[in-house]
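So the chains spell out like this:
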Amino acid sequence: MRRTGYLHLYGLNLVFDRVGRGPAVLLLAEEASLWPEELPQGYTFYLLDLPGHGRTGGPPMSPEELAEYVAGFVVMTNLGSPPILVRGLGEAVGEALAERGYAVFSGKDIGEGLRRALFF
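For clarity, every value in this text was computed on a predicted model and none was experimentally measured.

Student: Teacher, can you tell me more about a negative patch on the surface here?
Tutor: A cluster of acidic residues, Glu-64, Glu-65, Glu-95 and Glu-99, forms a negative patch on the protein surface. Elements supplying a minimum of two residues to the negative patch: α1 (63-76) and α2 (89-99).

Given below as structure tokens:
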């Protein structure tokens, strides 16, 4: 079951969904609804609506600016260093996050992305 959460960060209310139980994994696309409803068991998935997309308001931003919100989200939710699986616009944001040292993997195939993250 998806649970919706909100986090006020840099003047915006970021909207995210949380699904499952287990180690944290961040799924990053333009919006949470772009990920499948059924996700693998054994993880807590955080699905963020990026600023200006989905249920999160805000102006259009560059991938680098969006990466700042994602990094802030990770810190403010105390997720530590979760693997980040990306698709769509999340791929460009993921590149900016990888430059900052975050563990970023393709989310085109969630199972494969999780396997790569576990052996990283």
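Student: Looking at this structure, I do not really get the environment of Ala-24. What am I missing?
Tutor: On the secondary structure map, Ala-24 appears in strand β3 (residues 24-28). A sequence separation of 22 residues divides Ala-24 from Arg-2, and the C-alpha atoms of the two residues are 14 Å apart. Discounting chain neighbours no more than four positions away, the residues touching Ala-24 are Thr-44, Tyr-46, Leu-79, Pro-82 and Pro-83.

Student: I would appreciate a short explanation of the pattern of salt bridges in the present structure.
Tutor: Where charged atoms of side chains with opposite charge meet at close range, the side chains can pair. Following the criterion strictly, the structure yields 7 salt bridges and no others. In this structure, the salt-bridge partner of Lys-108 is Glu-91, at a minimum N-O distance of 3.8 Å. Here Lys-108 is found in the loop between β6 (104-106) and α3 (110-118), whereas its partner Glu-91 is found in helix α2, with 17 residues between them in sequence. A salt bridge links Arg-116 to Glu-112, with the shortest nitrogen-to-oxygen separation between them at 3.3 Å. Placement of the pair is Arg-116 and Glu-112 together in helix α3, with a separation of 4 residues, close to one helical turn. Residue classification places Arg-116 among the exposed residues on the basis of a relative accessible area of 52%. With a relative accessible area of 31%, Glu-112 lands in the partly exposed category. Among the charged side chains, a salt-bridge network with shared partners connects Arg-2, Asp-17, Asp-49 and Arg-55.

Student: I would appreciate a short explanation of the nonpolar core in the present structure.
Tutor: Nonpolar side chains tend to gather and get buried jointly when the protein is soluble and globular. Counting residues in each nonpolar core, the largest one holds 24 residues, and the members touching the most others are Leu-28, Leu-48, Val-70, Phe-73, Val-93 and Leu-97. Secondary-structure elements contributing two or more residues to this core are β1 (3-9), β2 (12-20), β3, β4 (44-49), α1, β5 (84-86) and α2. No other element matches the 7 residues that α1 contributes to this core. Ignoring anything within four residues of it in the chain, the contact list for Val-93 reads Leu-28, Leu-50, Pro-63, Leu-66, Ala-67 and Val-70. Core analysis: the second largest hydrophobic core is formed by 16 residues, Val-19, Tyr-43, Ala-103 and Leu-114 among them.

Student: How should I be thinking about the pairing of β3 in this particular structure?
Tutor: For β3, the tally of buried residues reaches 5 of 5 residues, placing the bulk of the element in the interior. Going residue by residue along β3, you find Ala-24, Leu-26 and Leu-28 tucked away on one face and Val-25 and Leu-27 tucked away on the opposite face as well. Inspection of the sheet shows β3 paired to β4 by 5 bridges, in the parallel sense. Each bridged residue has a counterpart across the sheet, and for Ala-24 the counterpart in β4 is Thr-44. The pairing of β3 with β5 spans 3 bridges and is parallel. Across the sheet, the residue bridging to Leu-27 is Leu-85, located in β5.

Student: Sorry if this is basic, but what is going on with the sheet that holds β6 here?
Tutor: Backbone hydrogen bonds hold the strands of a sheet together, and the pairing may be parallel or antiparallel. Across the sheet, 6 strands lie side by side as β1-β2-β4-β3-β5-β6; this open sheet has mixed pairing. Since the sheet does not close on itself, it has two edges, and those belong to β1 and β6, each with one partner. Pairwise comparison of adjacent strand axes, ignoring direction, gives a mean angle of 30 degrees for this sheet. Against the sheet, α1 contacts β1, β2, β3 and β4, and its axis sits at roughly 110 degrees relative to β1. Lying on the sheet, α2 is in contact with β3, β5 and β6; it crosses β5 at an angle near 145 degrees.

Thresholds, definitions, all that
- Residues numbered from 1 in each chain as written.
- Predicted model: local features only at pLDDT ≥ 70, side-chain atom pairs only at ≥ 80, totals over all residues.
- Heavy atoms only, no water.
- Patch = residues over 30% accessible without salt bridge, like charges linked within 9 Å, V, L, I, M, F, W, Y side chains within 5 Å.
- Areas by Shrake-Rupley, 256 points an atom, 1.4 Å probe, with all protein chains shown as cover.
- Salt bridge = Lys/Arg side-chain N within 4 Å of Asp/Glu carboxyl O.
- Lys, Arg positive; Asp, Glu negative; His and termini not counted.
- Charge placed at Lys NZ, Arg CZ, Asp CG, Glu CD.
- Helix = DSSP H or I, 4+ residues; strand = E, 2+ residues; numbered from the N terminus.
- Contact = heavy atoms within 4.5 Å.
- Buried < 20%, exposed > 50% of the residue type's maximum accessible area, 1.4 Å probe, protein only.
- Core = buried A, V, L, I, M, F, W, Y, C linked by side-chain atoms within 4.5 Å.
- Pairing = 2+ DSSP bridges.
- Axes fitted to C-alpha atoms, helices over the stretch in contact; angles between N-to-C directions.

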